Amino acid sequence: MGKTDFCTQSIEFDAMQLNMMTAVIYLEQPPVETVKRVAGKHAHKPFHIPPEEGGYTQEELAETIDKLDACDRLIFGGNFAASEWEDIQARIRFLSIAKGVKVFYLDNLTALVDPSNERASVETIVKGIALLAQELQVIIVLVCHLATAEGVSHEEGGQVRLKQFKGSRAIGAFAHYAFGLERNTVH
């Protein structure tokens, strides 16, 4: 529904416009894809699709990636593999203390959840994220999926409610803000 795209726009803004040390930990997308998407937001070009379809050149892509690299405020820390929360927690702590990162984008909660005990796992992770953010005085933007909506589906523009966030009880208890993106993708 656009949550990852929304975040890549925010990542570019935080690092390139606000000059904040920003780390990107995307667990469901290859790092090269993430870099292309953030570069695309910076250059206003769809670098994540082939050049012949996106109307850009490889040189434009390379130049924009060089700009992101030169800014020295953007760290890509994802590895496109489901990880354990303890590993991600250690990575966030290291990047905060050693590199001065102030904003973290963690996509997606589902990749961290233990499927054999989803509810307890989500509650432990979300509480851990809240405590870690408070301890380190950082912002952690956590992306999560939605549960199936009752009535009008989310794909048809159904309203997003907090109770539909995967892990909603924990998110409602520990998050400072919860944003649900809505749009009709069928129309």
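Everything below is about the structure shown above.
Computed from a prediction, not measured in an experiment: that's the story for all the values here.

### Remarks on the sheet that holds strand S1 (residues 22-26)
Argument step 1. Spatially, four strands are ordered S2-S1-S3-S4 in an open sheet, and the strand pairing comes out parallel. Of all the strands in the sheet, the pair left with one neighbour each is strand S2 (74-76) and strand S4 (139-143). When strand polarity is set aside, the average angle formed by the axes of neighbouring strands in this sheet is 15°.
Argument step 2. Where helix H1 (residues 3-17) meets the sheet, it contacts S1, S2, strand S3 (103-107) and S4, and its direction lies at approximately 160° from that of S1.

### A closer look at the pairing of S1
Argument step 1. Counting buried positions along S1 yields five of five residues, so the element is predominantly enclosed.
Argument step 2. The alternating pattern of S1 places Thr-22, Val-24 and Tyr-26 on one face and Ala-23 and Ile-25 on the opposite face, and all of these are buried.
Argument step 3. With three bridges joining them, S1 and S2 adopt parallel strand pairing. Each residue of the ladder has a partner; that of Ala-23, found in S2, is Ile-75.
Argument step 4. Looking at chain direction, S1 and S3 are connected through five bridges and run parallel. Its bridge partner lying in S3, Ile-25 is registered against Leu-106.

### Topic: the nonpolar core
Argument step 1. Counting residues in hydrophobic clusters, the biggest one holds 29 residues, and the most contacted among them are Trp-85, Ile-88, Ile-92, Phe-104, Leu-106 and Ile-140.
Argument step 2. For this core, the elements supplying multiple residues, two or more each, are S1, helix H5 (85-99), S3, helix H6 (118-136) and helix H7 (168-174).
Argument step 3. For this core, the leading source of residues is H6, giving seven residues.
Argument step 4. The residues contacting Trp-85, other than those within four sequence positions of it, are Leu-106, Leu-112, Ile-125, Gly-128, Ile-129 and Leu-132.
Argument step 5. Residues Ile-11, Tyr-26, Leu-68 and Cys-71 belong to the second largest nonpolar core, which totals 17 residues.

### A look at helix H4 (residues 58-71)
Argument step 1. Here H4 is 14 residues long and its end C-alpha atoms lie 20 Å apart, about the 20 Å a rise of 1.5 Å per residue gives.
Argument step 2. Within H4 the residues assigned to the buried category are Leu-61, Thr-64, Leu-68 and Cys-71. Projected onto a plane normal to the axis of H4, the buried residues spread over an arc of 90° and lie on a single side. In this structure, H4 carries Glu-59, Asp-66, Asp-69 and Ala-70 as exposed residues pointing more than 90 degrees from its buried face.
Argument step 3. Buried residues belonging to H4 abut H1, helix H2 (31-43) and S2.
Argument step 4. Once H4 ends, the next one or two residues include Asp-72, with phi positive near 60°.

### Here's the deal with a negative patch on the surface
Argument step 1. Where like charges cluster on the molecular surface, the negative patch consists of Glu-59, Glu-63, Asp-66, Asp-69 and Asp-72.
Argument step 2. Note on placement: Asp-72 falls in the loop between H4 and S2.
Argument step 3. We classify Asp-72 as exposed; its relative accessible area is 61%.

### Details of the pattern of salt bridges
Argument step 1. Following the criterion strictly, the structure yields five salt bridges and no others.
Argument step 2. A salt bridge links Glu-33 to Arg-37, with the shortest nitrogen-to-oxygen separation between them at 2.8 Å. Linking Glu-33 with Arg-37, this pair stays in helix H2, spanning four residues, or about one helical turn.
Argument step 3. The exposure class of Glu-33 is partly exposed, given its relative accessible area of 22%.

Reading the values: rules and limits
- Residues numbered from 1 in each chain as written.
- Predicted model: local features only at pLDDT ≥ 70, side-chain atom pairs only at ≥ 80, totals over all residues.
- Heavy atoms only, no water.
- Pairing = 2+ DSSP bridges.
- Helix = DSSP H or I, 4+ residues; strand = E, 2+ residues; numbered from the N terminus.
- Axes fitted to C-alpha atoms, helices over the stretch in contact; angles between N-to-C directions.
- Contact = heavy atoms within 4.5 Å.
- Buried < 20%, exposed > 50% of the residue type's maximum accessible area, 1.4 Å probe, protein only.
- Core = buried A, V, L, I, M, F, W, Y, C linked by side-chain atoms within 4.5 Å.
- Expected span 1.5 Å × (residues − 1).
- Arc of directions from axis to C-beta.
- Patch = residues over 30% accessible without salt bridge, like charges linked within 9 Å, V, L, I, M, F, W, Y side chains within 5 Å.
- Areas by Shrake-Rupley, 256 points an atom, 1.4 Å probe, with all protein chains shown as cover.
- Salt bridge = Lys/Arg side-chain N within 4 Å of Asp/Glu carboxyl O.
- Lys, Arg positive; Asp, Glu negative; His and termini not counted.
- Charge placed at Lys NZ, Arg CZ, Asp CG, Glu CD.

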